[in-house]
Every structure is written in C-alpha cells, then in structure tokens.
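The lines below spell out each chain.
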Amino acid sequence: MKKQKLVILGGGESGVGTALLGKANGYAVFVSDKGKIKEKYKQVLIHNAIEWEEEQHTEDKIFEADIVMKSPGIPEKVAIVKALIDKGVPVISEIEFACQFTDATIVAITGSNGKTTTSMLTHHVLKQEIDVGLAGNIGDSFAKQVLEHNYKNYVLEISSFQLDGCINFKPNIAVITNIVPDHLDRYDYKFDNYIASKFKITQNQTKEDYLIYDADDEVILQYINNNNIQATLLPFSLTKTIENGAYLDQDNIIITIDNNQIIMPTKNIALEGKHNTKNAMAASTVAHLLQIRKQTIRESLENFQGVEHRLENVLKINKVQYINDSKATNVNATYFALDSMESPTVWIVGGVDKGNNYQELYPFINEKVKAIICLGVDNEKLLASFGKMVDVIVETQFMSEAVKIAYKLAEAGDSVLLSPACASFDLFENYEDRGRQFKEAVRNL
C-alpha cells in the first residue's frame, strides 16, 4: 500500500513537530518553506531523514499531497494554498493533525487577548496535580509533545489562524477569553469572519463538553444567542451573578458547577488588574472541572509569575518605572495596559497596523499619557489619531532611540510603557524580539 503523502508548508516549530509525528505514523513527509528554515529545525529534519526545501515551493512535489499542514503564519489567500484547496486537498493546521493521535483531555483556549496568560496560568494550576502539557501557540509544538510525551492532558493556546485549519478538532473544555477586532487583514476586514473563526473552537463540541467564556463580552454573548452551541456553557463575569460558572462577589471569585461551589479570595492573586481577575476565573473554572483541589488552585493563583512581555516591570531608573508590554499587538491589549497605569505615562506605540481603530484609547490619552513615541516604519495613522492630543509626539525607527527619548521625557514618578497595539514585523522578528530589545535598551541607559 502506497504511503499517504503529508506536505508541510512552513518549517518552523509547528511544521517540524508535525513532520516528526507524521513520519512516526507512516506518512511520506515533505517540508517546504518559502523563506529560510532556522538551523536548529534543519538539523532535526536532516537527523530524522525528512525531505525538505527552503526559499521555494516546488509545486510538482506539493501537488502530490494527500494532506497539507500549513503554518498559521501563511494566509489562505496565498496562491499555492488556494490552488491546493481548489484541487480538493485538505489544508489543515497542526492542531487538527495532531489531535487524532492522542486520547488526552484537551483544554483549548482562544481569544483576542489574555489567551497566553490564561493558558500559562491554567497549566500552572493543573500541573500541581495532573500530568499536563502546554502547547499550541506557545512553547514546544503540540504534535511533537503528542509524539514524545503523550501527556494525559493538554492546555492548548490556539489562535484564530490555527482554528481556521480545524475540521474535526474537539476539545473537552474550550475557553474564549474575549473577542475584539484583530487580524482583520486576514479576514477581508470583516469582524464577523474573525468572530466565526474564534467560535470554531466549539464547533464539534457536544453537551458532554464545556465552553467557558466571558459573559461581559457583548460580541461573545451575541454570537452565543444567535447560534446553536451544543456545549455546556460556563460563563464568567465581573458584574453579573452567575448560577453555573464564575462571578465576582466583592473580593471573592465564586465558582459553581452542578451545585458544587468553591470560593476563591482575590486579594492575594499574583496578577493585578480586572482583566487578570477574568483570566483567573477562566483558569479556576477549568481546574474545578478537572477536580483540582481548592487549596491547590488558590496557592497556584497566588504564586504564578506572569508572562514575559505582558505588563512586565523591567527596571526603575531615577524613580521612573519602565514597563514591557510588547505582547500587546492589538488595541484592546493596549487598552488594558493604559487602564492599569496609575502615573503619568510616556507611551511607546506602533508597528504594523492591522486595521486598528484607536478611538477607544482616547480617554486614556487625555487622562494619563504625557508623551507618545511612535516606533514604526509607517506612523501616519498614529500621528493623525493622537497628534493633537498630546504636547509631545515623536517618531523613530530604533528601539534604542525610543528608550533614550523616553528617558529624557520622563520625570520622577512617571512610567515609560512599551505597549505597541500593533504587530512587530516591520522592525522586529516578532513581539518577543521587540520586548527583549526594549529591556536591553532600558538596561543600557
């Protein structure tokens, strides 16, 4: 019998992980990357005798595929992907490919913001008592973990791009943290397309499965009210009383699932801010479902260290606090960052605009922001949006220069906040690279 041919577009973390899992399960595997493949991934492919190419897509080889796994970074609109779909070849994501090779309990977490923090926090709580891997948009690839570790449980952080490539994926527990306009350049600039993409996380769930979501998010509520969702719903809220799910009562999170109630005090939660109370509610609800002890949940919430590049305090210099929020790649994430500022702020913003609407930030600009530093190749929209609102607005294309300007503008008691509200690909490799450059520049002051 001829081996099924698995073609992988993109030789990064998810691509190479899928290649290894595919080979182990008897597929003939070919990896093709239009760019350069990083040396560490090349070595893995060579060591495992997996065929690969870089800086090109050889169409004859790709069109022999029985199934194609594409990296989430490659849009559906790319010619080769369109051609494969037209030919009737299934084009799927790593999550879809790998989930068929594991019987683990899967917790899948998506949302425009908060999904990384919620995923890391959930994993942090669960790992105290059960065997659990953390994968998806984060850490080692899911496919590779299924091959090498075969955990009994997984927490997966999943982007809309990964969900777009899911057909049969069915998590036992799904979490949607929130939905705000993001990545609209990939969704024909239609918010509805992006919303539908996020809700693919629950498309195959049955009433035996759970959907945990923010009941204060109008976009989510509207979708749930207008569509037939099969999963058992467990909402969380800061403002409403919830019978089945989680809510805030003064300083306590109350979680009820099938009349089984636990109460978690919020006063010692390590992560501050309203949005983090929500992240804690989502993580605690998952933990309660998986029968983690209350004491363990409470201790884990109190000792969780947080996520690098997400409102990370870097240094205090001359009584000025420097804060790295490079992970804020959309307006809503920056909204949370500015909302949490309690001192006059010098704000570093900019990058690749994904169809952003900056209006919701206006109240904070008037109230908290004393100067704006635009860090991007094209800052026109930022200048047009904020130019008349602050006395000082400057442009630069170098992180080191942005930090030096901030140093001159900030006075004792102020904060300097890197919260770009944009993608990083114009001047940096990714948001991690941008955050690290910021921290390095601050340490060099």
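If you're wondering where the values come from, they're calculated on a predicted model, not measured in any experiment.

Student: What am I meant to see in the pairing of strand β15 (residues 312-317) here?
Tutor: Two faces belong to every sheet, and in a regular strand the side chains alternate between them. Note that β15 and strand β16 (residues 320-324) share five bridges and pair antiparallel. Residue Leu 315 lies in a different strand from β16, and its bridge partner there is Tyr 322. Once β15 ends, the chain turns through two residues before running back antiparallel as β16, passing Asn 318 with a positive phi of about 50°.

Student: Teacher, can you tell me more about the packing of aromatic side chains here?
Tutor: The description of an aromatic ring pair rests on the distance of the ring centres and on the angle between the ring planes. Tallied over the full model, the rule gives 13 aromatic pairs. With a centroid separation of 5.6 Å and 55° between ring planes, the pair formed by Tyr 187 and Tyr 194 is classed as tilted. Summarising the burial analysis for this pair, Tyr 187 and Tyr 194 share the class buried. Among the aromatic residues, those joined into a ring-pair cluster are Phe 161, Tyr 187, Phe 191 and Tyr 194. Lying over the aromatic face of Phe 161, Arg 186 brings its terminal NZ or CZ to 3.6 Å of the ring centre.

Student: Would you mind showing me how to read helix α9 (residues 191-198) here?
Tutor: Every α-helix winds through 3.6 residues per turn, so residues three or four apart in the chain are directed the same way. Residues of α9 that are buried: Tyr 194, Ile 195, Ser 197 and Lys 198. Taken down its axis, α9 places every buried residue within 160° of arc, on the same side. In this structure, the buried side of α9 is in contact with β6 (105-110), α6 (115-126), α8 (160-164), β9 (173-176) and α10 (218-226).

Student: Even after reading the chapter, I still don't get the sheet that holds strand β4 (residues 67-70), so can you show me in this structure?
Tutor: Hydrogen bonding along the main chain pairs the strands of a sheet, whether they run parallel or antiparallel. Strand order in this open sheet of five strands is β3-β2-β1-β4-β5, and the pairing throughout is parallel. The two strands at the open ends of the sheet, each matched to only one other strand, are β3 (51-54) and β5 (91-92). Across four bridges, strand β1 (residues 5-9) lies against β4 in parallel orientation. Within β4, the position partnered with Val 7 by the bridge is Val 68. Most of the contacts of helix α1 (residues 13-24) go to β1, to which it runs at about 170°, and overall it touches β1, β2 (28-33) and β4.

Thresholds, definitions, all that
Residue positions are given per chain, counting from 1 as you read along its sequence in written order. A pLDDT threshold of at least 70 governs which residues receive local features in this predicted model, and a stricter bar of 80 or more applies before side-chain atom pairs are shown or counted, although totals over entire chains, interfaces and linings include all residues. For side-chain calculations, the full set of non-hydrogen atoms in the structure is used, while hydrogens and water are omitted. Pairing between strands requires that DSSP locate at least two bridges from one strand to the other. Think of it this way: any DSSP run of H or I at least four residues long counts as a helix, any run of E at least two long counts as a strand, and we number them from the N terminus. Note on aromatic pairs: the rings of Phe, Tyr and Trp (six-membered ring only in Trp) are paired at centre separations within 6.5 Å, and the planes decide the class, stacked below 30 degrees, edge-to-face beyond 60, tilted for the rest. For each residue, the accessible area found with a 1.4 Å probe, counting protein chains only, is set against the maximum for its type, and the residue is called buried under 20%, exposed over 50%, and partly exposed in between. Consider the ring centre and the ring normal. A charge sits over the ring if Lys NZ or Arg CZ is within 6 Å of that centre and within 35 degrees of that normal. Think of it as the arc spanned by the lines of direction from the helix axis to the C-beta atoms. Throughout, a contact is declared for two residues whenever any of their heavy atoms are within 4.5 Å. Whenever a helix is involved, its axis is fitted only over the stretch in contact; in every case the axis is a line through C-alpha atoms, and angles between N-to-C directions fall within 0 to 180 degrees.

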